[in-house]
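# Descriptive analysis of the structure
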Amino acid sequence: MSKPTRLAVKDSEPKHLPIYQHKNKLVQAVRKSPFLIVTGETGSGKTTQLPQYLHEAGFCKNGKIGITQPRRVAAITVAQRVAQEMKCTLGREVGYQVRFDDCTSQETAVKYMTDGCLLREVLADPSLSQYSVVILDEVHERSLNTDILLGLLKNVFSDPAEAAKRRSFPLKVVVMSATLESDKLSAFFNNCPVFEIPGRVFPVTCTFGSAVGPKDVERNFYVKEVVKVALDVHISEKAGDILVFLTGQSEIEHACDLLFEKAENIDYRYDVQDRTVEGLLILPLYGSMPTDQQRQIFQPPPPGIRKCVVATNIAATSLTINGIKYIVDSGFVKQLNHNSRVGMDVLEVVPISKSEAQQRAGRAGRTSAGKCFRIYTKEFWEKCMPEYTIPEIQRTSLTAVILTLKCLGVHDVIRFPYLDCPEERFILEALKQLYQFDAIDRRGKVTKLGELMVEFPLHPGLTRALLKSASLGCQDLLLPVAAMLSVENIFIRPGHPDKQKEAAKKHRALAEKTGSINDFATLLCVFNSCKSSDRPSAWCKENWIHWRALKSAFSVETQLREILLRLQQRRDFPTESFDGNKSELLRRCLCSGYFTNVARRSVGKVFCTMDGHGSMVHVHPSSSLFEQEAELNWVIFHDVLVTSKTYIRTVCPIRYEWVKDLLPKLHEVDVYELSSVARQEVTEDEMVKWESKEAAKRQQEASAEDVMKKLEKRNTEDSVSDARARYLQRKQQREQRKAL
DNA sequence: GAGCACTGC
């Protein structure tokens, strides 16, 4: 159990919060309807007060009140505050649960948790029998897990007769959101009532710029522009701190440098050492920054000095900085979008949505009236910025989500009640991948392997490799690798060129220590070397490794090990024997999870993927396989990065024979035929027909050699099949469309 | 010969 931390004194007594005068009506509304939408801006007190009102009104007699949050910090801090208000010890009546930290007990009646935690609970107990009320908070953020929970709750509990069969007492569902989209949510839950709580925010006046129009998406332009605007604010506006929203680490560092330069030119004294211009303290803020450096952001500036924080979107929701009165909004964000046509994720700079822009502006009105300076034009706002941010469920890989749904008994994953439907081809692609991993069978039913796979909080491919290793008894090789691959990048790449060289040298030494040329083995080596070191944090510093990331890899490894041990106690856990070369074990296991990510050397340094897209890819310079020619003709890789070229990262050489039997499977299933499998509407007749067609197709592509030849042929015919070219082309088209 | 926004189980 975690220790509760001391909280700062709050300026608002619960009774003065806007929600207080609605207390009785709110409790009644929950009593009356199985579903209720509650809307209210930040500061209305709904997150902390509603659960207390329901607790007081006796809703905990039969079960717990569960409240979900999209972020860990929010779940923990809100629980701390409520425990304090209810004058109880955190972990007793009021508790929280997040990954790696369960602070609840038998007595816990009000439980705050992340949405991912509740989803895991649904998997174990689909009728949520422990709960009398489930409150989904921050629904407007549309996190993947919250969206899935919305559909599940609607599915299971919107039919009262069906719900009664599953539970001994009714479940109340409350959905809390910012004011936007409340009609849509109400319609989703059978036109359930909406309860509006007025917010308590200060007005923020917004102005548009004249510089960034629809055609100015190039990178340096908006960086220069935010710097100019921020300095204008500093010179001409009254006291109050500035928050600048930018896209990423490098842009932020660049903007901070420019701020010093320009500030100097406009006759300000400044000191490079502690990064202050007279009257202006400039602070960068982004997620991968060391935590002690992040903490500096929250300290009030010395008297007479204005603070200017240059941040990523992390400052929009995750962190609140006091004293911010002015916002400078670049209008852009970096977003990871899944591209099903090339089968990969692409990180790109895109315009933010109007609702996101309002969210950013709102950060200036937390304690008093504020101002928001948008660097983009009114035209850009109208023509380029969408109303709402596309929800995560419509732009990410759905493989793991679809497996979860299938395991929950949702067979028709296409007609599942999504608040916003993902594109059908995204769903079909996920089904195809699950079929290739043997997680579902040809009829779309979850296999025994799939049931084991869903237990792991990992990407299905990685889980597949892990289970293979467990069945061969060599899980100690794969557990650390899986953990390392599911945390943020552990290799530090410093900004300074000299230090960059030093870091690269250390990293190369770690790769060479493995005695092989294999990036996965390097990860294993880093994990074990650090773990067995006397002073692990010093070891990390010396080797340019992120200690924070490695620490979380240690926790993940422990968690995965526990899950695996539990599953291995099941009688039907598969076991296999291995009579090959022991030194090949790690790579052989990896093959069973990464056979969808196989590439073959095409010409010189160029590799060609074997996944049916036949993309031309390059080994990333950070890999130990970079410019290693020789006999390394077949490789598997963990991920793809599209920048100046299409790069594969975390690469490992394999033998053709290891994937030979698996490759045809990649081409066996026509995605669109899986559509009927997805709905599980296949009749016996259709099945027989399909089977025979598939058999004929398999005969045609009798061997992997044929598949290979076919792909090679396509590659030579189609010289612009380079993923980068397609990516750029699409981007151009998109921009042209936007410009129109 | 190079660049990775933010969450979450």
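Described below are features of the structure shown in this document. If you're wondering where the values come from, they're calculated on a predicted model, not measured in any experiment.

### Considering the overall build of chain A
For chain A, the count of helices and strands is 29 helices and 23 strands. Counting across all 740 residues of chain A, residues that qualify as buried make up 53%. Long-range pairs, those at least 24 residues apart, make up 74% of the contacts in chain A with a sequence separation of at least 6. Carbon and sulfur atoms form 49% of the exposed surface of chain A, whose accessible area is close to 34,900 Å².

### Description of the pairing of strand β10 (residues 241-245)
Of all 5 residues in β10, 5 are buried, a share of seventy percent or more. Of the two faces of β10, both are covered, the one formed by D241, L243 and F245 as well as the one formed by I242 and V244. The sheet contact formed by β10 and strand β15 (residues 324-329) spans 5 bridges and is parallel. In the strand pairing of β15, L243 is matched with I327. Sheet analysis places β10 next to strand β14 (residues 306-311), joined by 4 bridges and oriented parallel. Residue V244 lies in a different strand from β14, and its bridge partner there is V310.

### Re the pattern of salt bridges
Throughout the structure, instances matching the rule amount to 28 salt bridges. The partner of E251 in a salt bridge is K334, and the shortest N-O contact between them spans 3.7 Å. With E251 in helix α9 (residues 249-265) and K334 in strand β16 (residues 332-339), the pair connects residues that are 83 residues apart, well separated along the chain. Here K354 makes a salt bridge to E387, at a shortest N to O gap of 2.9 Å. Residue K354 is located in helix α12 (residues 354-362), and its partner E387 is located in the loop between α13 (378-383) and α14 (399-407); the two are separated by 33 residues in the primary sequence.

### Points about unusual backbone geometry
A positive phi is found at F100, a non-glycine position, where the angle reads about 70°. Along the chain, F100 falls in the loop between β3 (94-98) and β4 (101-103). Overall, the relative accessible area of 41% leaves F100 in the partly exposed class. The residue E138 is not glycine, and still its phi comes out positive at about 55°. Looking at the element boundaries, E138 is found in the loop between β6 (131-136) and α5 (144-157).

### Remarks on the sheet that holds strand β8 (residues 194-196)
Pairing within the open sheet is mixed, and its 8 strands lie in the order β4-β3-β5-β2-β6-β7-β1-β8. Looking at strand neighbours, the two that pair on one side only are β4 and β8, the edges of this open sheet. Averaged over all pairs of adjacent strands, the angle between strand axes in this sheet comes to 20°, irrespective of strand direction. Sheet topology note: the strand β2 (residues 64-69)/β6 ladder contains 5 bridges and is parallel. Among the inter-strand pairings, T68 is bridged to a residue of β6, identified as L136. Those strands touched by α5 are β1 (35-39), β6 and β7 (172-177), and its axis lies near 140° from that of β6.

### Let's talk about the packing of helix α1 (residues 23-32) against helix α2 (residues 46-56)
Contact pair α1 / α2: the axes reach a minimum separation of 10 Å and the direction vectors enclose 70°. It follows that α1 is roughly perpendicular to α2 by the angle criterion. Contacts between α1 and α2 involve K23, L26, V27 and V30 on the former and, on the latter, L50, Y53, L54 and E56.

### Side note on the packing of aromatic side chains
What the rule picks out here adds up to 14 aromatic pairs. With 6.1 Å between their ring centres and 80° between their planes, F437 and F595 make a pair best called edge-to-face. Here the residue F437 occupies a position in the loop between α15 (424-436) and α16 (448-453), and F595 occupies one in the loop between α23 (585-594) and β19 (598-603), the gap between them amounting to 158 residues. By relative accessible area, F595 is classed as buried at 2%. When the ring centre of Y131 is taken as reference, the NZ or CZ atom of K64 above it lies at 5.5 Å.

Analysis parameters
Residues numbered from 1 in each chain as written. Chains lettered and ligands numbered in written order. Predicted model: local features only at pLDDT ≥ 70, side-chain atom pairs only at ≥ 80, totals over all residues. Heavy atoms only, no water. Helix = DSSP H or I, 4+ residues; strand = E, 2+ residues; numbered from the N terminus. Buried < 20%, exposed > 50% of the residue type's maximum accessible area, 1.4 Å probe, protein only. Contact = heavy atoms within 4.5 Å. Areas by Shrake-Rupley, 256 points an atom, 1.4 Å probe, with all protein chains shown as cover. Pairing = 2+ DSSP bridges. Salt bridge = Lys/Arg side-chain N within 4 Å of Asp/Glu carboxyl O. Axes fitted to C-alpha atoms, helices over the stretch in contact; angles between N-to-C directions. Parallel < 35°, antiparallel > 145°, perpendicular 65-115°, else oblique. Phe/Tyr/Trp six-rings, centres within 6.5 Å; stacked < 30°, edge-to-face > 60°. Lys NZ or Arg CZ within 6 Å of the ring centre and 35° of its normal.

Function cannot be read off these values alone, since they describe shape.
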